[in-house]
Amino acid sequence: MPERTVADLVVERLRAWRVPRAFGYPGEAIAPVVEALDASGGDPAFVPARHEETASYMATGHAKFTGGIGVCLATQGPSAVQLLNGLYDAKLDSKPVVAIVGEDVSGPLGGAHQEIGLSRLFGDVCNQFVRYGRTPAGVPALLDQAFRTAAATRSPVCVVLPRQLQEIAVPDLQPQAAGVLAATPGEPLARVLPHDVDLEAAAQLLANGQRTAILVGQGARGAAEDIVALADRLGAGVATSLLGKPVLDERLPFHAGVLGEVGTPAAAELMGGCDTLLLVGTNDPWTDYFPMPGQARTVQIDIDGRRIGTRYPVDVPLVGDAAETLRALLARVPERPNARWRETVEGSVDRWRAERADRAAAPAEPVNPQLVMQELATRVPRRGAVAVDVGSVIYWYARHLELPPGVNAQLCGTLGSMGCALPYAVAAKLAAPDQPVIALLGDGAMQLNGLAELVTVAHHWQEWRDPRLVVLVLNNRDQSGMGGGRPPSTDPARRRPDVPYAGWARLLGLHGCGSTGRNWWGRPGTRRSPPTARAWWRRWSTRPYDWRLPSRRSRTCAASSPRATPPGGSATGCSPPG
């Protein structure tokens, strides 16, 4: 039996913190830890990505979809540099991730092959915690402190382990028994509620408002019923940040949609007309769409006091958990609905929804992506997950994909970095292999890293109880970055070369299909919803136990944006067999 080493201690601490898997790219400096993971029997598992950047995205995606702590592995030098994008995503969206970086240095700092000063490299993105392992006895406590810091601060942290340290034998070393917290990783470590005097002041401010708007962010997850109850009590309208889009049922008559550059006219009108604003768990960066300074008296609820007042002047700050704080407010706010203001909000919402339907019905060659999102909205399984990339697709998602209650949708919201959707989708699928997952991305993100990470999908799909992973590529071959419904550029320098995405999926043993607007999506230029698309979505969204096919292969399917490809061309994306 191999002798127990520090690398085995690392695996034991991951297991103690209930980490189900670590994502990474193997290298010599982290090889002992990877070997220990391989020998652990899948508890925790090691998931090799095609690139360190996608490994860090997977770790962040795991944190976003599960609420747990994501873990990624890399080596020093260029490998460590590639982790930064995913770690900054975690930092800006407040998600706990632990990066474990192996270092193999044989010379003085700066003089060895591939050597980069890791403390400086990670000093900003992991500013809460960057530490080096020095002795075998200190490694368990070091990892516990890293996990504790990541959970408490909801941020990425970094632990550097020299290869020589990982290989040291420690047959009798036992970690401290008090090393692991009883709290579930990723959840607040304590119950946080505002002071009663602040709750009374907030209740008084909200009760005095005549035209109340509520802006909901990702921090309000789990508080949907309380938000709706408070909105009804005040006759308020609601809007969400981009990250907060999955929190509320978007079919509510007073739900104005997403606020911001990718948002809806109804949300902008809500902010423009309110005199009282309640911010719940949001750090929305699009402050140009907020009420004018001085227009609205404001209450902000956030569990992180550092974020209070950073986006908009706040009259009453409430530092606390969103759901519990809202319940405390409900016990204090009297029933004072403003029927006229609610009617104004609902009228604005109705006008936007009619406009949205008209946009989706507009003819396009070969396919109108707004119609794709409208068709998808009625077929997304309520127990599924949606991963969204950055680019034009974010406009279609924000405005046209009306999420059913219960769907967990995630994106790189604050950093806005392209290439996150497929790594997110892989992380979501590995975390819940019995649930369907959809990745929405453009051709730019697919070419950036999606084609490579389909290899990861091909490697794992046979392990999934429900093999449905749909990668929907909206291919407009435009790299201008304009989006927002504007036509793709005709400038050849801004036209992205096309790729046979479906063909690549088929080469990997997945299923690939494409739309040219004639074969899969029906006759181009028509306003009616294409019957072939309806049939495909209906078949895809069938519950797993109603769906029986002889071959268990993941499949790829996609559609293209208006004028995305010339007549007869193709565009693609991914899902289960067909």
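Refer to the structure printed above.
Rules used throughout
- Residues numbered from 1 in each chain as written.
- Predicted model: local features only at pLDDT ≥ 70, side-chain atom pairs only at ≥ 80, totals over all residues.
- Heavy atoms only, no water.
- Helix = DSSP H or I, 4+ residues; strand = E, 2+ residues; numbered from the N terminus.
- Buried < 20%, exposed > 50% of the residue type's maximum accessible area, 1.4 Å probe, protein only.
- Contact = heavy atoms within 4.5 Å.
- Areas by Shrake-Rupley, 256 points an atom, 1.4 Å probe, with all protein chains shown as cover.
- Pairing = 2+ DSSP bridges.
- Axes fitted to C-alpha atoms, helices over the stretch in contact; angles between N-to-C directions.
- Core = buried A, V, L, I, M, F, W, Y, C linked by side-chain atoms within 4.5 Å.
- Bend = angle between axes of the 7 residues up to and from the residue.
- Parallel < 35°, antiparallel > 145°, perpendicular 65-115°, else oblique.
- Left-handed = near helix turned anticlockwise from the far one by under 90°.
- Nonpolar A, V, L, I, M, F, W, Y, C, P; charged D, E, K, R; others polar.
- Disulfide = S-S within 2.5 Å.

A. Up close: the overall build of the protein. Looking only at helices and strands, the protein features 19 helices and 19 strands. Relative to its full complement of 578 residues, the protein shows a buried share of 58%. Put simply, 75% of the contacts in the protein that link residues at least 6 apart link residues at least 24 apart. Just so you have it, the protein exposes about 22,300 Å², and 51% of that area is on carbon and sulfur atoms.

B. Up close: the sheet that holds strand β16 (residues 469-474). Across the sheet, which stays open at both edges, the 4 strands sit in the order β14-β13-β15-β16 with parallel pairing between neighbours. Only two strands of the sheet have a single partner each, and these edge strands are β14 (408-411) and β16. Averaged over all adjacent pairs, the angle separating strand axes in this sheet is 15°, with direction ignored. Bridge count for strand β13 (residues 385-388) against β14 is 4 bridges, and the pairing is parallel. Looking across to β14, one finds that A385 is bridged to N408. Each of β15 (437-442) and β16 touches helix α14 (residues 369-377); the most contacted strand, β16, lies at about 160° to it. Along the sheet, helix α15 (residues 392-400) contacts β13, β14, β15 and β16; its crossing angle with β15, the most-contacted strand, is approximately 130°.

C. Layout of the nonpolar core. The biggest cluster of nonpolar side chains holds 57 residues, and the ones touching the most others in it are L87 and F122. Residue contributions to this core peak at 8 residues, all from helix α16 (residues 421-431). With residues near it in sequence (within four places) discarded, L87 still touches S56, C72, V97, A99, F122, V125, C126 and P156. Membership of the second largest hydrophobic core comes to 51 residues, among which are A203, V216, A223 and V280.

D. Helix α17 (residues 443-460), seen in detail. Taken as a whole, α17 carries its principal kink of about 55° at N449. With 13 of its 18 residues buried, α17 lies for the most part within the structure.

E. Structural context of the packing of helix α11 (residues 265-273) against helix α13 (residues 339-361). The contact between α11 and α13 brings their axes to 8 Å, and the two run at 160°. Taken together, the axes of α11 and α13 are roughly antiparallel relative to one another. Of the two elements, α11 crosses α13, and the hand of that crossing is right-handed. Contacts between α11 and α13 pair P265, A266, E269, L270 and G273 from the former with W341, V345, S348, V349, R351, W352 and E355 from the latter. Here the residues of the contact of α11 with α13 are counted per class, giving 7 nonpolar, 2 polar and 3 charged.

F. Region of interest: the state of the cysteines. Taken as a whole and judged by the stated rule, the model has 0 disulfides. Free cysteine: C72, not disulfide-bonded; nearest cysteine sulfur from C126 at 8.3 Å. Judged by relative accessible area, which is 0%, C72 ranks as buried. Unpaired in this structure, C420 has its nearest cysteine sulfur neighbour in C412, at a distance of 5.1 Å.

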